[in-house]
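Residue-level listing of the chains:
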Amino acid sequence: MHYHLILTELCNSKCRYCYGKSLREFKNKLSKKFKFDFSAPPVLSISVTKLRNFLKKDKNPVLIFYGGEPLLEIDKIKEIIDNINIPFRMQTNGKLLHKLPIRYLKKIEKILVSIDGSREITDFNRGLGTYDTVIHNISLIKSKGYSGEIIARMTVSSCFPHIYEQVISLANLGFTSIHWQLDAGFYQFDFNKSEFQKFVRTYNPSISKLVNFWISKIKKGYVLRLYPFIAIVDSLLKNEKVKLRCGAGHSGYAITTDGKIVACPIMNHMEEFVAGNIEMNPNELKKFEIGGGCLKCSIKDLCGGRCLYWNKTKLWPREGNILICATIHHLITELKKKLGIIKSLIRKGTIPLETFSYEKYFGPEIIP
């Protein structure tokens, strides 16, 4: 299984869609629906020995360094890599990538770096100078010999619905792997019906434009690894029915700073979603499944339910969730339209079938 290891809850960024909103989050009604436990320390307190012993019980463990900002705990990352021999991944804001020695970076085969598109949008969301710092650090680690997969991990807010332009800006910078997540449905207070309707009216056509661009490249033998695209197409080609695509609560969990195992990092302090602890056998961890309207949805077997936290907390009203789901329906419909072209290109040998294969559950949620 895949495990997000929360090395620290501290961060060296104050992003609009994370820090700014979470300051208001405790004022919502979640505390009336769920039990919270905030007793865990802000940084990892369990020993590396305990972590290693837990992971040894899993036949195929993958550890994802996560935070907060994981690179605030560089010494702990080094200690873990020095003492545990398994595949490593990392999700980071990229500001401290230059601090981790290259011999350790090379052990982390896939790195998700938060960058939201252009300099203007990234700096607006994440602070002045962030874009240049991240791009510089990525160039630096590549110059030192890092050859693992670097995934641009975008957060798309209602202020910037033009996903096509932002993905193209990152592709033009040399990013060959890109993922995005909509900043929608994760906070109770931020639903604005007219604003999000306007977002969807622009975002959906922009997705169509991006799909057409993606197909134009595939016709030339090049598959840009847009994770929401490749994963859905992979499932369509294999006639695969999926569970929740991020793996939360069934194939992926988070290890908290005090050694609890929870369904997802965002459920860090929610007692209802504790699956066990680090003393347990991974095979005995509690499983969680989506519920509600997702179970009757016509695209459930391709979407998987979008997000466990979103599905269980229901922070937005029904009309807001319908709008979110409209973006998912549109994305899947547009890719289905292109399936015949893709199959034809595979038969002709323009692209191999395995081009669309990907590692599940290591970070990209797949469904935005």
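Before reading further, recall that the structure is shown in the block above.
What counts and how
Residues numbered from 1 in each chain as written. Predicted model: local features only at pLDDT ≥ 70, side-chain atom pairs only at ≥ 80, totals over all residues. Heavy atoms only, no water. Helix = DSSP H or I, 4+ residues; strand = E, 2+ residues; numbered from the N terminus. Rg over C-alpha atoms; globule rule 2.2 N^0.38 Å. Buried < 20%, exposed > 50% of the residue type's maximum accessible area, 1.4 Å probe, protein only. Areas by Shrake-Rupley, 256 points an atom, 1.4 Å probe, with all protein chains shown as cover. Lys, Arg positive; Asp, Glu negative; His and termini not counted. Charge placed at Lys NZ, Arg CZ, Asp CG, Glu CD. Contact = heavy atoms within 4.5 Å. Core = buried A, V, L, I, M, F, W, Y, C linked by side-chain atoms within 4.5 Å.

Visitor: Just to check I follow, could you spell out the overall build of the chain for this structure?
Guide: Of regular secondary structure, the chain possesses 14 helices and 10 strands. Here the chain has a C-alpha radius of gyration of 20 Å; the compact-globule value for 368 residues is 21 Å, and the two agree. Referenced to the eigenvectors of the C-alpha coordinate spread, the extents of the chain come out at roughly 50 × 50 × 45 Å. In the chain, buried positions account for 55% of the 368 residues. In the structure as shown, the chain presents an accessible area of about 16,200 Å², 51% of it carried by carbon and sulfur atoms. Distance between charge centres in the chain, computed from 56 positive and 33 negative side chains, equals 5 Å.

Visitor: How should the side chain of serine 206 be read in this particular structure?
Guide: Positionally, serine 206 belongs in helix α9 (residues 193-218). Excluding residues that lie within four positions of it along the chain, serine 206 makes contacts with Pro161, His162, Ile163, Tyr164 and Glu165.

Visitor: In this structure, what is going on with the nonpolar core? I would like to understand it.
Guide: Across soluble globular proteins, nonpolar side chains have a tendency to be buried as a group. Judged by nonpolar contacts, the single largest core of 116 residues is most densely connected at Leu63, Phe65, Ile80, Trp180, Trp214 and Ile255. Setting aside residues no more than four positions away along its own chain, leucine 63 makes contact with Tyr3, Leu5, Leu51, Leu55, Ile80, Ile86, Pro87, Phe88, Arg89 and Ile255.

Visitor: Sorry, what's going on with the environment of glutamate 79 here?
Guide: The topology assignment puts glutamate 79 in helix α4 (residues 74-83). A relative accessible area of 34% places glutamate 79 in the partly exposed class.

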